[in-house]
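Residue strings, one per chain:
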Amino acid sequence: MIMGPSGCGKTTLLSVISTLLDPDSGTCVVLGRDLARMTPLERARFRCATVGFVFQRFNLLPGVSILDNVTVPLLIGGHSRNHAESRAVKILDELGLRDRTSASPNELSGGQQQRVAIARALVHNPKLIVCDEPTSALDQTTGQMVMETLHAQARQTDRAVIVVTHDARIMNYADRIVRMEDGAIISCNDAVELEMPS
Ligand SMILES: Nc1ncnc2c1ncn2[C@@H]1O[C@H](COP(=O)(O)OP(=O)(O)O)[C@@H](O)[C@H]1O
Ligand SMILES: [Mg+2]
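Being a predicted model, the structure only gives us computed values, none of them experimental.

Asks: Can you break down the packing of helix H5 (residues 110–122) against helix H6 (residues 140–154) residue by residue, with the values?
Replies: Their axes nearest at 10 Å, the elements H5 and H6 cross at an angle of 15°. Accordingly, the angle class assigned to the pair H5 and H6 is roughly parallel. For the pair H5 and H6, the sense of crossing is right-handed. Together, Gly-111, Gln-114, Arg-115, Ile-118 and Leu-122 of H5 and Thr-142, Met-145, Val-146, Thr-149, Leu-150 and Gln-153 of H6 make up the contact between the two elements. Split into classes, the residues belonging to the contact of H5 with H6 amount to five nonpolar, five polar and one charged.

Asks: Any chance you could break down the packing of aromatic side chains for me, citing the residues and the numbers?
Replies: For the structure on display, the rule yields one aromatic pair. Measuring from ring centre to ring centre gives 5.8 Å for Phe-53 and Phe-55, while their planes differ by 10°; the resulting arrangement is stacked. Phe-55 sits in the partly exposed class, given a relative accessible area of 30%.

Asks: Quick rundown of the packing of helix H3 (residues 66–76) against H5? Include the residues and the values.
Replies: Between H3 and H5, the shortest axis-to-axis distance is 7 Å and the interhelical angle comes to 30°. Compared by their axis directions, H3 and H5 come out roughly parallel. Here H3 and H5 pass one another in a crossing that is right-handed. Contacts from Ile-66, Asn-69, Val-70 and Pro-73 in H3 reach Val-116, Ala-119 and Arg-120 in H5. Partitioning the contact of H3 with H5 into residue classes produces five nonpolar, one polar and one charged.

The rules we used
Residues numbered from 1 in each chain as written. Chains lettered and ligands numbered in written order. Predicted model: local features only at pLDDT ≥ 70, side-chain atom pairs only at ≥ 80, totals over all residues. Heavy atoms only, no water. Axes fitted to C-alpha atoms, helices over the stretch in contact; angles between N-to-C directions. Helix = DSSP H or I, 4+ residues; strand = E, 2+ residues; numbered from the N terminus. Parallel < 35°, antiparallel > 145°, perpendicular 65-115°, else oblique. Left-handed = near helix turned anticlockwise from the far one by under 90°. Contact = heavy atoms within 4.5 Å. Nonpolar A, V, L, I, M, F, W, Y, C, P; charged D, E, K, R; others polar. Phe/Tyr/Trp six-rings, centres within 6.5 Å; stacked < 30°, edge-to-face > 60°. Buried < 20%, exposed > 50% of the residue type's maximum accessible area, 1.4 Å probe, protein only.

Function cannot be inferred from these measures alone, as they are strictly geometric.
Put into structure tokens, the structure is as follows:
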């Protein structure tokens, strides 16, 4: 979990880690890969295959069904529509949204939309799941449900979940808390030693 006040650079750091933003200086090693040593195409492939995103405001495609929203990462990754849809239905089912697959995002509550966003982030089985303030638009109960889902993901082998937040209510879900201030990491508190995949 990455915590810090608004404007301290959390989203910027998350964007660098997830290869959406190139740093001007410094090194960023993600899952053993030095991002600066990769070509833009390699970074795009790495992002497509390895990273799942959960955004603060869900960022679902409006006017497109829940099912179609969740298939996007697989279709971008070159999978067939058949495979993408059966995988999307499975993950939506796991997240309790099976009966909403043909709904459009604006027909769902905030908590349901965030669960769709999580389904979309998980559908291609990414090793790294990055979440930018995933509970900030949610009430307490729904926020906890979302964090339980993310925590269960983090407990799977070969998975890392990074959650950026300034929501102190969800701190208990963290295994490691990184604190930031004014664009810098000021502390890193390990609850457990995490193994980096080679
Ligand atoms: N595209 C940008 N260009 C220049 N400065 C930016 C840009 N995006 C954010 N900033 C600035 O960088 C700092 C960190 O922003 P951000 O990473 O969004 O913080 P946080 O997510 O912790 O609220 C802020 O001062 C913000 O105004
Ligand atoms: Mg931010």
